[in-house]
Amino acid sequence: ALQIWTLYLLLAFIPPVKAVPTKDLFPDIPFKLFSSFVQDNFSSEITLATVLTVLFSLTNNVDILNLHARAKNPRLQDEYSVPVNGWIRALSTAIKAHLDAKIGLRNMEDTQLFNASDNQQHLSSSMQISTISRKLDGMITILDLDPYKRNSSTMQLLKPISTSDIEPVLLICPARLTCSTHHKDSIHVLTRERDRAQVTLLKGIKLYENASIVAGSCTNCKAIYYADHKSVTASSNTPRDPQLSPKDKLFYNNAKYVKIGQSIWADRTFTNMVVNSVYHFHASTAAYTEFWNYTFSNGAENIYPPISRQQVWKAFIEETVRQISVSMNTFLQVPDNISTEAVTKEAYEQLGQNGLIGQSLDHSCNECTHPYKATADFIIPADDAAVVGIDENRAVPPLQQNAENRELQNMDNNVMETGNSVEPDVKMVVIDGIVMGPAHCAYEDCSAKLANARTGVFYNYFVAPQFYCVETLCAPCGVVIAWTKFAKSEGASQIMDFLEDIYPTPESRPSYVCIDKACVVLKHLITSRNWNIWKATTRFIVDSYHYINHRVGDYLCRTYCNPSPLNGSAPNLVVVERDINDNPHYKRAFNTQTCEQLNAWLGGFQGILNRMTVDNFNWTTHALLYIHTQRVIQKQSKKSSQGEQLGQMEQPPYNDEVEIDGVEIDRVD
């Protein structure tokens, strides 16, 4: 008992632990004092913007203020006080330069930091800085930002100044002024003061607590307006599940804030950060959540409450829906109060166009579209199976003779006769697949989505299979035209069904389709009697890597699928360029590796996408490819505008004879 009593006494004398504040409070002085200082020291014409610039320059540079205070208060015998020292002059110089730049843009006179008694016009530049420094020193004193004023005997360093006391009050309300149906009717406040929800708002990387939600309504049509959507009565003409809300939610594409959780909203800067992180870093929403929480929530200061993966996922959906809707000049309309996964399903059905990236069909640039050429620029003696960039200085291996190749060689030439119409432009598309996809039904010949595939194993009998691959169709410049999923295999019939969905008419078809299975597709078209549908408009070729492997053992591939014949037999597949020494050389006219380059990027999402449900997979894949296409087109437009600014390079003089890789050849006109 004595030992216990002694322990109690010892514990009683231990001082309590008190958290040390990491920030100083914002200066809390009477406004009259501050106003009098401004009137006495600065111009009577000084603007509010200039005053606030000076104020916040002081409160955001406490390290400079600490150094300035130390220079003013000597502590050693050989030191002396320097009120206008290098530290405060550095701050004064920066403030003056900043204000001078703003004043110059507004064509105003540089008199705001000086009053009449300063005689600015008679002051040198150095004296002007000294004058401003004295004013700043005075403002530091009245704001109580002097470390020595707080305790004259010792220096109490200033900490970063908290802005929590001056944070704004934020209301999340509709941006519209009038009803979108009855355009002259004003929107009236709907929510009563006592019913307004208090939520958390994320603006960029800053969090605001207790933002108020204020909704509005039209007294005529009874539509309810929120900051991110409009709620209307669903049309009675469309059959509707009775379990769904009788209201429809119309997404606002230009919303400033969007709801991402039960009581949390975010601005478009935050949602854009989520989308850009997923796109550029191949980050899952779980990874972004961890990044955010470890950066802003789990640190020593614990400045923000953590966010959840579901909230980040909702931010991704809300942002991608709006970005794609804006590009398509439409909006998403879904039943109100449905789940996030139901939103992704509706988004893909309304905006996904079954995998078609609509803006890409009419895309044209100098990397994917070339003027039609009837003959090659130059002709050099080369084997029909020789490939540009590979066979200039080596012999082409002969075709292996086997029963299948002999049968194909004896085939009627009319079967393989291709169209020869003169087209104004030549376009190529590239198609390829990447093995990835969500789980689907395991029943034979069924690829329907599963109601719940989270565990992956069902009744201890089977594992749900995955879709075999994602097939993408691209232009050589990198623009994605369309994509789809193949459930069981990447067969020729599935490939042709995909192409026929994208190009239903002869007029819409490209001149060339490049695919690593072109020879297999070609055989399928011949045996299925469908070659007559395509041969008038389109040729099927393989990329150079597959061609040099196929041409030895496959007659069709060797004869009809050369991606860039060296002898000029396909003049629209090769171009002539000149090096820095004005020597001509052949170059492939199109990039046939574009799908493989796309798949190298898309494959980074494989681990994320494969675990998704079909609906989430469809929308996420479509959104990523859509955004990717937008950015490729933006880069193409930028390159085109830069090329126009630089002008066209001077063309070399016309020569009747040129030499390519040591072979003298004649120009063909």
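Cut-offs and rules
Residues numbered from 1 in each chain as written. Predicted model: local features only at pLDDT ≥ 70, side-chain atom pairs only at ≥ 80, totals over all residues. Heavy atoms only, no water. Core = buried A, V, L, I, M, F, W, Y, C linked by side-chain atoms within 4.5 Å. Buried < 20%, exposed > 50% of the residue type's maximum accessible area, 1.4 Å probe, protein only. Contact = heavy atoms within 4.5 Å. Helix = DSSP H or I, 4+ residues; strand = E, 2+ residues; numbered from the N terminus. Pairing = 2+ DSSP bridges. Axes fitted to C-alpha atoms, helices over the stretch in contact; angles between N-to-C directions. Parallel < 35°, antiparallel > 145°, perpendicular 65-115°, else oblique. Left-handed = near helix turned anticlockwise from the far one by under 90°. Nonpolar A, V, L, I, M, F, W, Y, C, P; charged D, E, K, R; others polar. Polar contact = N/O pair within 3.5 Å; in protein donor to acceptor, adjacent residues only side chain to side chain. Arc of directions from axis to C-beta. pLDDT = per-residue confidence, 0-100. Patch = residues over 30% accessible without salt bridge, like charges linked within 9 Å, V, L, I, M, F, W, Y side chains within 5 Å. Areas by Shrake-Rupley, 256 points an atom, 1.4 Å probe, with all protein chains shown as cover. Salt bridge = Lys/Arg side-chain N within 4 Å of Asp/Glu carboxyl O. Phe/Tyr/Trp six-rings, centres within 6.5 Å; stacked < 30°, edge-to-face > 60°.

**A look at the nonpolar core**
Here is a general trend for soluble globular proteins: nonpolar side chains tend to be buried in one another's company. One finds Leu 202, Phe 270 and Trp 619 to be the most contacted residues of the largest nonpolar core, which totals 69 residues. Once residues lying within four places of it in the same chain are set aside, the contact partners of Phe 270 are Leu 202, Gly 204, Ile 260, Tyr 288, Trp 292, Ile 307 and Ala 315. Within the second largest apolar cluster, 48 residues are counted, among which are Ala 475, Ala 482, Tyr 503 and Val 574.

**As for the pairing of strand β18 (residues 480–486)**
With five of its seven residues buried, β18 lies for the most part within the structure. Bridge count between strand β17 (residues 469–474) and β18: six bridges; the pairing is antiparallel. Within the sheet, the bridge partner assigned to Leu 473 lies in β18 and is Ala 482. In this antiparallel pair of consecutive strands, β17 and β18, the connection spans five residues, and Gly 478 shows a positive phi of 110 degrees.

**Let's talk about the packing of helix α10 (residues 309–328) against helix α11 (residues 340–351)**
Where α10 contacts α11, the two axes come as close as 11 Å, and the packing angle between them is 15 degrees. Put simply, α10 runs roughly parallel to α11. When you trace α10 past α11, the crossing you get is left-handed. Every residue of α11 that contacts α10 at Trp 313, Lys 314, Ile 317, Val 321, Ile 324, Ser 325 and Met 328 is listed here: Thr 340, Val 343, Thr 344, Ala 347 and Leu 351. The class makeup of the residues in the contact of α10 with α11 is eight nonpolar, three polar and one charged.

**Section: the environment of Ser 364**
You can see Ser 364 is positioned in the loop between α11 and β12 (369–371). Sequence-wise, Ser 364 and Lys 427 are 63 residues apart; in three dimensions their C-alpha atoms are separated by 8.5 Å. When near neighbours in sequence (up to four residues on either side) are disregarded, Ser 364 contacts Thr 369 and Lys 427. Reaching out from Ser 364, the side chain makes a polar contact with the side chain of Thr 369 at a distance of 3.3 Å.

**Overview of the environment of Arg 551**
Here Arg 551 shows up in the loop between α17 (544–550) and α18 (555–560). Each C-alpha atom of the pair Arg 551 and Ala 385 lies 7.2 Å from the other, and the pair is 166 residues apart in sequence. If we ignore the near neighbours within four places in the chain, the residues touching Arg 551 are Ala 385, Ala 386, Val 387, Asp 391, Arg 394, Val 396, Pro 397, Leu 399 and Arg 558. Reaching out from Arg 551, the side chain makes a polar contact with the side chain of Asp 391 at a distance of 2.6 Å.

**A short note on the sheet that holds strand β1 (residues 171–172)**
Taken in spatial order, the five strands make up an open sheet running β1-β4-β3-β10-β9, and their pairing is mixed. Because the sheet does not close on itself, it has two edges, and the strands there are β1 and β9 (257–261). Taken together, the four bridges between β9 and strand β10 (residues 264–267) define a ladder with antiparallel strand orientation. Each bridged residue has a counterpart across the sheet, and for Lys 259 the counterpart in β10 is Trp 265. Here α10 sits on the sheet in contact with β9 and β10, set at roughly 145 degrees to β9.

**Quick look at helix α2 (residues 31–41)**
Turning to α2, its buried residues are Phe 34, Phe 37 and Val 38. For α2, the angular spread of buried residues about the axis comes to 95 degrees, placing them on one side. Structural note: α2 exposes Lys 32, Gln 39 and Asp 40 on the side pointing more than 90 degrees away from its buried face. Tucked inside the fold, the buried residues of α2 contact α3 (48–59) and α6 (125–142).

**Points about the confidence of the model for the protein chain**
The share of residues in the protein chain with pLDDT of 70 or more is 83%, and the mean pLDDT across the chain is 84. Scored below 50 in pLDDT, residues 649–669 makes 39 contacts in the model with residues more than four places away or belonging to other chains.

**Focus on a nonpolar patch on the surface**
A grouping of Leu 48, Leu 52, Phe 56 and Ile 166 is seen on the molecular surface, where their side chains present a nonpolar patch of about 350 Å² in accessible area. When you line up the elements, Phe 56 lands in helix α3.

**Focus on the pattern of salt bridges**
If you walk through the whole model with that rule in mind, you get 17 salt bridges. Residues Arg 70 and Glu 79 are paired through a salt bridge, measuring 3.2 Å at the closest nitrogen-oxygen approach. Judged by relative accessible area, Arg 70 falls into the partly exposed class, the value being 26%. Classification of Glu 79 as partly exposed rests on a relative accessible area of 29%. With a closest N to O distance of 2.8 Å, Lys 345 and Glu 349 form a salt bridge. One end of the pair is Lys 345 and the other is Glu 349, both in helix α11 and four residues apart, which spans about a single turn. A relative accessible area of 30% places Lys 345 in the partly exposed class.

**Considering the packing of aromatic side chains**
Across all of its chains, the model carries 14 aromatic pairs by this definition. Centroid distance Phe 37 to Phe 42: 6.3 Å. Interplanar angle 80 degrees. Geometry classified as edge-to-face. Residue class for Phe 37 comes out buried when judged on its relative accessible area of 12%. Centre to centre, the rings of Phe 270 and Trp 292 are 5.2 Å apart; their planes meet at 90 degrees, and the pair counts as edge-to-face. Separated by 22 residues along the polypeptide, Phe 270 in helix α8 (residues 268–281) and Trp 292 in helix α9 (residues 285–296) bring together distant segments of the chain.

**Considering the sheet that holds strand β7 (residues 229–233)**
In spatial order, the strands read β2-β5-β6-β7-β8-β11; together these six strands make up an open sheet with antiparallel pairing. Looking at the sheet topology across the chains shown, the edges are occupied by β2 (188–189) and β11 (333–335). Bridge count between strand β8 (residues 247–251) and β11: three bridges; the pairing is antiparallel. By the bridge assignment for β11, Leu 250 is matched with Gln 333.

**Some words on unusual backbone geometry**
Even without being glycine, Asp 144 reaches a positive phi, approximately 60 degrees. When you line up the elements, Asp 144 lands in the loop between α6 and α7 (147–150). For Lys 222, which is not a glycine, the phi torsion comes out positive at approximately 65 degrees. Relative to the assigned elements, Lys 222 resides in the loop between β5 (216–217) and β6 (224–225).

**Some thoughts on the packing of α8 against α10**
Contact geometry of α8 with α10 gives a least axis separation of 8 Å together with a crossing angle of 95 degrees. Judged by the inter-axis angle, α8 sits roughly perpendicular to α10. Contacts from Arg 268, Phe 270, Thr 271, Asn 272, Val 274, Val 275 and Val 278 in α8 reach Val 312, Ala 315, Phe 316, Glu 319, Thr 320, Arg 322 and Gln 323 in α10. Looking at the contact of α8 with α10 residue by residue, the class counts come to seven nonpolar, four polar and three charged.

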